[in-house]
Amino acid sequence: MLILALLYLAYIDWRTFRLPNVMTLPLILLGITFNWVSELRFASPSSTMLGAALGFGSLWALNASYRRLKHRNGIGMGDAKLLAGLGAWFGWSTLPSILLIACITGLVGGIAWLKWNRRALEQAFPFGPFLAIAGIIELLWPQLIQTLILPRLI
């Protein structure tokens, strides 16, 4: 269900440049709740709370700094809520790798998107799909190591 929600959010953001609160806020709450009550948790409850706060706070601070310099928003708060949701599901320690993956895929995908749509580099493009891809990679990466990589090494 998490992968489907992330794919849906990626699609919406790609088409509309919006990440609706009706999807991002429950993602945060469900991530915290899942890790609080499930034995299959991805992170400790305290790590998920901190992950949600740091996920939102880091992109909020980045946008506030950009807005102070350029007098316009540089990143949407939907992206901040999506990163908060990923932090709530996977814990604060995964945020650097999620951001790194999202930035690398966003750089490549963003340049391709801008070229495809014949837009200038100053034009906005959606970052949410790349956060969603990074979240899916973060979720599936341990399984990929165990099922695809380790058997070939042994």
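Source: prediction; values computed, not measured. (Residues numbered from 1 in each chain as written. Predicted model: local features only at pLDDT ≥ 70, side-chain atom pairs only at ≥ 80, totals over all residues. Heavy atoms only, no water.)

(A) Summary view of the packing of helix α1 (residues 2–16) against helix α2 (residues 21–37). Two numbers describe how α1 lies on α2: the axes approach to 11 Å, and their chain directions differ by 150°. In this view, α1 runs roughly antiparallel relative to α2, as classed from their interaxial angle. The interaxial crossing formed by α1 with α2 has left-handed handedness. On the side of α1, the interface is formed by Leu2, Ala5, Leu6, Tyr8 and Leu9, while α2 contributes Met23, Thr24 and Leu27. Across the contact of α1 with α2, the residue classes break down as seven nonpolar, one polar and no charged. (Axes fitted to C-alpha atoms, helices over the stretch in contact; angles between N-to-C directions. Helix = DSSP H or I, 4+ residues; strand = E, 2+ residues; numbered from the N terminus. Parallel < 35°, antiparallel > 145°, perpendicular 65-115°, else oblique. Left-handed = near helix turned anticlockwise from the far one by under 90°. Contact = heavy atoms within 4.5 Å. Nonpolar A, V, L, I, M, F, W, Y, C, P; charged D, E, K, R; others polar.)

(B) Inspection of the packing of aromatic side chains at higher detail. Summed over all chains, the structure comprises six aromatic pairs. Measuring from centroid to centroid gives 6.4 Å for Trp14 and Phe130, while their planes differ by 75°, and the two rings are edge-to-face. Taken together, the residues Trp14 in helix α1 and Phe130 in helix α6 (residues 128–153) connect sequence positions 116 residues apart. Site record: aromatic cluster; members linked through ring pairs are Phe34, Phe42, Trp89 and Phe90. (Phe/Tyr/Trp six-rings, centres within 6.5 Å; stacked < 30°, edge-to-face > 60°.)

(C) Spatial organisation of the nonpolar core. Counting residues in each nonpolar core, the largest one holds 24 residues, and the members touching the most others are Leu2, Leu6, Leu27, Leu82, Phe90, Ile98 and Leu131. Residue assignment for this core shows that the elements contributing at least two residues are α1, α4 (77–90), α5 (95–116) and α6. Leaving out residues up to four positions away in the same chain, Leu131 has contacts with Leu59, Asp79, Leu82, Leu83, Leu86, Ile98, Leu99 and Ala102. Counting five residues, the second largest nonpolar core, distinct from the first, contains Ile32, Ala52, Ala84 and Ala88. (Core = buried A, V, L, I, M, F, W, Y, C linked by side-chain atoms within 4.5 Å. Buried < 20%, exposed > 50% of the residue type's maximum accessible area, 1.4 Å probe, protein only.)

(D) Focus on unusual backbone geometry. Positive phi, close to 65°, is recorded for Phe17, a residue that is not glycine. Tracing the backbone through its elements, the reader meets Phe17 in the loop between α1 and α2. Of note, the phi angle at His71 is positive, near 65°, even though the residue is not glycine.

(E) Quick peek at the side chain of Thr24. With respect to the helices, strands and loops of the structure, Thr24 is situated in helix α2. What makes Thr24 buried here is its relative accessible area of 0%. In contact with Thr24, other than residues within four places in its own chain, are Leu9, Leu19, Gly78, Lys81 and Leu82.

(F) The arrangement of a nonpolar patch on the surface in detail. There is a patch of nonpolar side chains on the surface, built from Met1, Leu4 and Leu7 and spanning about 390 Å² of accessible area. As for its position among the elements, Leu7 is in helix α1. (Patch = residues over 30% accessible without salt bridge, like charges linked within 9 Å, V, L, I, M, F, W, Y side chains within 5 Å. Areas by Shrake-Rupley, 256 points an atom, 1.4 Å probe, with all protein chains shown as cover. Salt bridge = Lys/Arg side-chain N within 4 Å of Asp/Glu carboxyl O.)

(G) Up close: the packing of α4 against α5. The contact between α4 and α5 brings their axes to 10 Å, and the two run at 135°. It follows that α4 is oblique to α5 by the angle criterion. For the crossing formed where α4 meets α5, the hand is right-handed. Facing α4, whose interface residues are Leu83, Leu86, Gly87 and Phe90, α5 presents Leu95, Ile98 and Leu99.

(H) Quick look at the environment of Arg15. Tracing the chain through its elements places Arg15 in helix α1. For Arg15, a relative accessible area of 59% translates into the label exposed. Placed 111 residues apart in sequence, Arg15 and Pro126 show a C-alpha to C-alpha distance of 8.7 Å.

(I) Quick peek at the environment of Phe34. Following the sequence through the fold, Phe34 ends up in helix α2. Remark: the alpha-carbon pair of Phe34 and Trp89, spanning 55 residues in sequence, is separated by 7.6 Å. Excluding residues that lie within four positions of it along the chain, Phe34 makes contacts with Leu40, Arg41, Phe42 and Trp89.

In short, the description is geometric, and any link to function would need to be established separately.
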